[in-house]
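Take a look at the letters that make up each chain.
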Amino acid sequence: MRITRTASACALLLSAHASACAQTATEPVQQVVVSAATIDEQQQRAQSTTTAIVVGREELLRQGDASLADVLKRQPGVTVDATPGRDAQVRMRGLGNGYVAILLNGLPAPSGFSLESISPELIERIEIQRAATAETSSQAVAGSINVIMRRAGPARGAPANEIKAGSAFLRGHAAPQLLARHSGRRGALAYTLAATLKRTVNPIEARSTEEGTAPALLRHTDWTDHLVEDVAELAPRLSWQPSAADSITSQSYVRRRHIHNVKRESETLEGGAPTAFPHNRQRFETRPLHLYADLAWTRKFEGGARLSTKLAGFHMRREADFVFLGMDGQDRLRASHLVASGPVEREWTFSGSWRRPLWGSHSLAAGWEFGRKDRSEYRRERRLDAAGSQFYTSDEDYFAEVDRSAFFVQDEWDMGADWSAYIGLRREDLRTTGQGNAAAPVDVDAGAWSPVFQLLFKPRQKQGDTGSRDQFRFALGRTYKAPSIVQLMPRRYTVDNNNSATNPDLQGNPDLRPELATSVDLAWERYLGKADMVSVSAYHKRIRDIILTRIALQGGAWTATPDNHGGATARGLEFEGRIARGPLAARVNLARNWSRLDSVPGPDNRIEDQPAWSGNLGLDFSAPSSRLEAGGTFSYRGTVASRAGSPVFSLDAPRRQLDLYALWKFDAQARLRLALSNLGQRSYRERLVYEAAAPLARTSLYQVRPTVRLVWEQSL
């Protein structure tokens with residue numbers, strides 16, 4: 001079957017090439033090259049046949065954000081879950097956890113790519129695709145976020161050298177950062193070298209309360225978590241144009257991180273039994289190394305044809321040590337858990353595309369992607385009693401490999417002044433294999449055919465009419481979501497204390513099937529001049545074989561296991577508006593999401609962690625004659641209530657966040673930036689309830705403190 005699918009996909013490329021060769025036009029097609037230097041982001045959005053929101057460099061840098069995740073949380077239909085102690089999770093249409101494709105220069109981002117660790121300084125633009133395209137990954141049920149890195153060499157009108165130094169301050173802790181960039185040209189070679197030194201500090205204070213009735217329980221746990229992460233990164237970029245037809249580019253980075261995390265817990269008991277270790281302390285330390293490099297070649301041919309290829313590789317190595325010290329209520333040591341682990345990941349990708357205009361109104365493209373990712377890991381655990389005698393030991397190893405292949409063909413057709421269409425077909429296959437000495441072997445195939453159709457209608461304006469312009473969009477596509485390696489490997493990840501229905505162990509499921517989704521998108525856009533616009537869009541998604549988490553007792557321990565549970569429906573509305581008057585620019589966006597799980601009884605049988613409401617309101621001041629730029633954004637994410645796996649119910653309280661910024665320009669080269677974030681809310685609450693014969697509820701109250709960032713920016 002795999003041979004048949006691959007042969008069918010290869011036929012896409014052959015048929016595309018045959019169509020291109022059959023072109024009989026005697027005159028070359030006039031090409032219109034769209035670039036950031038000629039039109040702004042709003043014009044790119046309006047002219048694109050596919051539905052895309054383009055976030056340009058000006059908006060990326062406007063508020064002086066420390067990470068890309070901070071930029072994304074202000075975009076229409078995008079929310080970022082930043083629960084303390086966990087990695088930030090980006091959501092589109094309220095869907096995250098693998099439903100959003102994160103792309104780096106059009107390809108799936110490597111494992112070490114983090115939206116929290118990358119600085120907006122290194123990015124040229126972001127393309128937010130609400131509907132899938134054949135050219136990019138089909139694993140984009142909710143959409144995709146394509147991060148386009150800056151090209152080598154100094155940008156037009158930009159300084160060749162730049163330094164930014166400053167610090168963030170949170171709960172009395174300083175987090176300094178230093179960014180330096182040098183760019184230049186020597187003949188046909190352009191180069192850029194960017195260096196980053198950065199510290200991130202994340203101190204957390206919270207209280208968790210557990211309540212039960214069978215048996216009776218009321219237990220409070222006050223805990224603190226202090227994370228310090230130091231990052232040193234070197235990112236060279238090269239661009240060489242040996243001839244008018246050829247160009248060769250390369251982007252790479254070397255990133256060394258040092259993560260040190262200390263967590264302390266202390267229980268207060270009002271009723272029921274204490275845990276095995278009422279007081280405990282945990283320490284985690286690791287020094288991961290990330291290496292990435294790519295090499296791309298593009299050749300232009302007569303008639304506007306273009307061939308592009310890219311080879312990319314990634315390597316990650318991490319040695320980690322974890323220590324758990326379990327104590328009784330009088331702080332007397334009862335047990336020690338010592339864990340040493342060392343994952344190693346390697347990945348390579350080879351991709352390419354062939355593009356050619358046809359018959360004056362068509363733009364045909366076909367391409368391929370091949371890749372392999374493997375991960376090996378060891379885990380050595382020892383458990384000692386109060387006297388230091390070893391009473392438990394484990395020695396686990398496992399190896400997993402993911403082979404990926406994809407082929408696509410697409411055509412963009414300008415049918416006239418009013419209509420344009422996009423049609424594409426993509427075949428994507430994944431094969432995941434894994435084996436180890438502590439779990440059964442895994443061999444799973446996942447993949448899908450993904451047809452895509454998009455249509456853009458621009459009602460013709462009267463001659464001489466320079467007023468508002470309306471546009472209507474329609475998109476129909478099929479996407480899928482493949483289970484991850486962690487979800488497939490039947491390894492058990494155990495908790496060190498207080499295993500319960502609301503704090504279970506985790507175990508993978510090798511029988512998982514990929515989720516398949518069919519999506520319909522509609523949108524109306526009105527452009528009112530250069531900077532003003534308003535948009536209303538709607539979507540409907542039907543998902544098959546959705547993966548939900550099942551919590552049950554297995555071998556005397558509560559365990560959470562993913563499983564396929566029938567179908568689900570998601571739908572929603574989004575509103576966006578922008579207006580600029582003189583030095584003031586305002587923006588607003590609002591999203592309303594609904595979802596329903598077929599296999600889970602209501603109410604609140606929604607897809608896990610999908611917020612019903614979210615929105616942003618922002619105002620910016622910038623005048624060419626003024627040295628001051630200032631503004632801010634108010635973000636809101638409504639209540640998240642979901643019963644995503646009977647009998648488990650989760651309820652997260654609303655979150656409100658106010659971010660402010662000010663930039664003072666001393667001259668053309670020197671600037672001082674002040675940013676305040678996480679204003680407006682001092683705490684927020686999360687609640688998880690196990691609704692069964694022995695009900696149990698866990699409520700966590702997190703303290704929120706504002707962050708102050710002060711940065712000096714100097715161009716040389």
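Anyway, here's the lowdown on the structure attached to this text. In this text, all values refer to a predicted model and were calculated from it rather than measured experimentally.

About the cut-offs
Residues numbered from 1 in each chain as written. Predicted model: local features only at pLDDT ≥ 70, side-chain atom pairs only at ≥ 80, totals over all residues. Heavy atoms only, no water. Helix = DSSP H or I, 4+ residues; strand = E, 2+ residues; numbered from the N terminus. Rg over C-alpha atoms; globule rule 2.2 N^0.38 Å. Buried < 20%, exposed > 50% of the residue type's maximum accessible area, 1.4 Å probe, protein only. Contact = heavy atoms within 4.5 Å. Areas by Shrake-Rupley, 256 points an atom, 1.4 Å probe, with all protein chains shown as cover. Lys, Arg positive; Asp, Glu negative; His and termini not counted. Charge placed at Lys NZ, Arg CZ, Asp CG, Glu CD. Polar contact = N/O pair within 3.5 Å; in protein donor to acceptor, adjacent residues only side chain to side chain. Phe/Tyr/Trp six-rings, centres within 6.5 Å; stacked < 30°, edge-to-face > 60°. Lys NZ or Arg CZ within 6 Å of the ring centre and 35° of its normal. Pairing = 2+ DSSP bridges. Salt bridge = Lys/Arg side-chain N within 4 Å of Asp/Glu carboxyl O.

Side note on the overall build of the protein chain
Helix and strand content of the protein chain: five helices and 40 strands. Here the protein chain has a C-alpha radius of gyration of 27 Å; the compact-globule value for 716 residues is 27 Å, and the two agree. Considered along the principal axes of its C-alpha atoms, the protein chain spans approximately 85 × 65 × 50 Å. Per-residue burial for the protein chain yields a buried fraction of 51% across its 716 residues. Sequence separation of 24 or more characterises 67% of the internal contacts of the protein chain that already satisfy a separation of 6 or more. For the protein chain, the accessible area works out to roughly 32500 Å², and carbon and sulfur atoms hold 57% of it. Once the 92 positive and 79 negative side-chain charges of the protein chain are each reduced to a mean point, those two points are 3 Å apart.

Looking at the side chain of Asp620
Counting through the fold element by element, Asp620 comes out in strand β32 (residues 613–622). Of the residues examined, Asp620 reaches a relative accessible area of 7% and is grouped as buried. At 2.4 Å, the side chain of Asp620 forms a polar contact with the side chain of Arg587. Contact partners of Asp620, with chain neighbours within four places excluded, come to Arg62, Gln63, Pro583, Leu584, Ala585, Arg587, Ala630, Gly631, Gly632 and Tyr661.

Concerning the packing of aromatic side chains
Under the counting rule described, the total for this entry stands at 12 aromatic pairs. Look at Trp558 and Tyr690: their rings are 5.1 Å apart centre to centre, the planes differ by 70°, and that puts the pair in the edge-to-face class. Residue Trp558 is located in strand β29 (residues 557–564), and its partner Tyr690 is located in strand β38 (residues 683–690); the two are separated by 132 residues in the primary sequence. In this arrangement the basic side chain of Arg255 is found over the ring face of Tyr253, its NZ or CZ atom lying 4.5 Å from the centre. The ring of Tyr684 has Arg655 lying over it, and the distance from NZ or CZ to the ring centre is 4.1 Å.

Some points on unusual backbone geometry
Omega for the peptide link from Ala214 to Pro215 comes to 5°, which places this bond in the cis form. Structurally, the position occupied by Pro215 is in the loop between β10 (189–213) and β11 (216–240). For the bond running from Gly602 to Pro603, omega is 0°, close enough to zero to count as cis. With respect to the helices and strands, Pro603 occurs in the loop between β31 (584–597) and β32. Residues other than glycine seldom take positive phi values, yet Arg93 does so here, at roughly 55°. Relative to the assigned elements, Arg93 resides in the loop between β3 (89–92) and β4 (100–104). We classify Arg93 as buried; its relative accessible area is 2%. In this structure, Asn97 is a non-glycine residue whose phi angle is positive, near 55°.

Remarks on the pairing of β31
The sheet contact formed by strand β30 (residues 568–581) and β31 spans 14 bridges and is antiparallel. Looking at the pairing, Arg571 lines up with Trp594 of β31. Hairpin remark: β30 followed by β31, antiparallel, with two residues in the connecting loop; positive phi at Gly582, about 60°.

Looking at the pattern of salt bridges
Under the criterion given, the structure shown has 67 salt bridges. Arg125 is paired through a salt bridge with Glu127; the nearest N and O atoms lie 3.0 Å apart. Under the relative-accessibility criterion, Glu127 is labelled buried at 19%. The partner of Arg426 in a salt bridge is Glu428, and the shortest N-O contact between them spans 2.8 Å. When salt bridges with common partners are traced through the structure, they connect Arg57, Glu121, Glu162, Lys164, Arg181, Arg671, Arg673 and Glu713 into a single cluster.

Concerning the sheet that holds strand β25 (residues 505–507)
With mixed pairing, four strands are arranged side by side in an open sheet as β24-β25-β29-β28. The strands lining the two open edges of the sheet, one partner per strand, are β24 (492–493) and β28 (547–554). When β24 meets β25, the two strands line up antiparallel, connected through two bridges. Residue pairing in the sheet places Tyr493 in a bridge with Leu506 of β25.

Quick word on the sheet that holds strand β1 (residues 52–55)
Across the sheet, five strands lie side by side as β1-β6-β7-β4-β5; this open sheet has mixed pairing. One side of each edge strand has no neighbouring strand; the edge strands of this open sheet are β1 and β5 (107–108). Sheet topology places strand β6 (residues 123–129) next to strand β7 (residues 143–149); six bridges connect them, and they run antiparallel. Bridging from a neighbouring strand, Ile128 pairs with Ile145 of β7.

What to know about the environment of Thr49
Residue position: Thr49 is located in the loop between α2 (41–47) and β1. Between the alpha carbons of Thr49 and Trp419 there is a distance of 9.3 Å; along the sequence they are 370 residues apart. The residues touching Thr49, leaving out its near neighbours within four places in the chain, are Glu412, Ser420, Ala421, Tyr422, Gln454, Leu456 and Arg473. Side chain to side chain, Thr49 and Ser420 meet in a polar contact 3.4 Å long.

Remarks on the pairing of strand β16 (residues 320–327)
Look at any regular strand and the pattern is simple: side chains alternate between the two faces of the sheet. Within β16, seven of the eight residues are buried, leaving the element largely enclosed by the surrounding structure. Pairing analysis gives eight bridges linking strand β13 (residues 279–286) to β16, with the strands arranged antiparallel. Residue Asn280 lies in a different strand from β16, and its bridge partner there is Gly326. Here β16 runs beside strand β17 (residues 333–341); their pairing, made up of eight bridges, is antiparallel. Opposite Phe324, over in β17, you have His337 as the bridge partner. Where β16 hands over to β17, the hairpin turn is made up of five residues, of which Asp331 adopts a positive phi near 65°.

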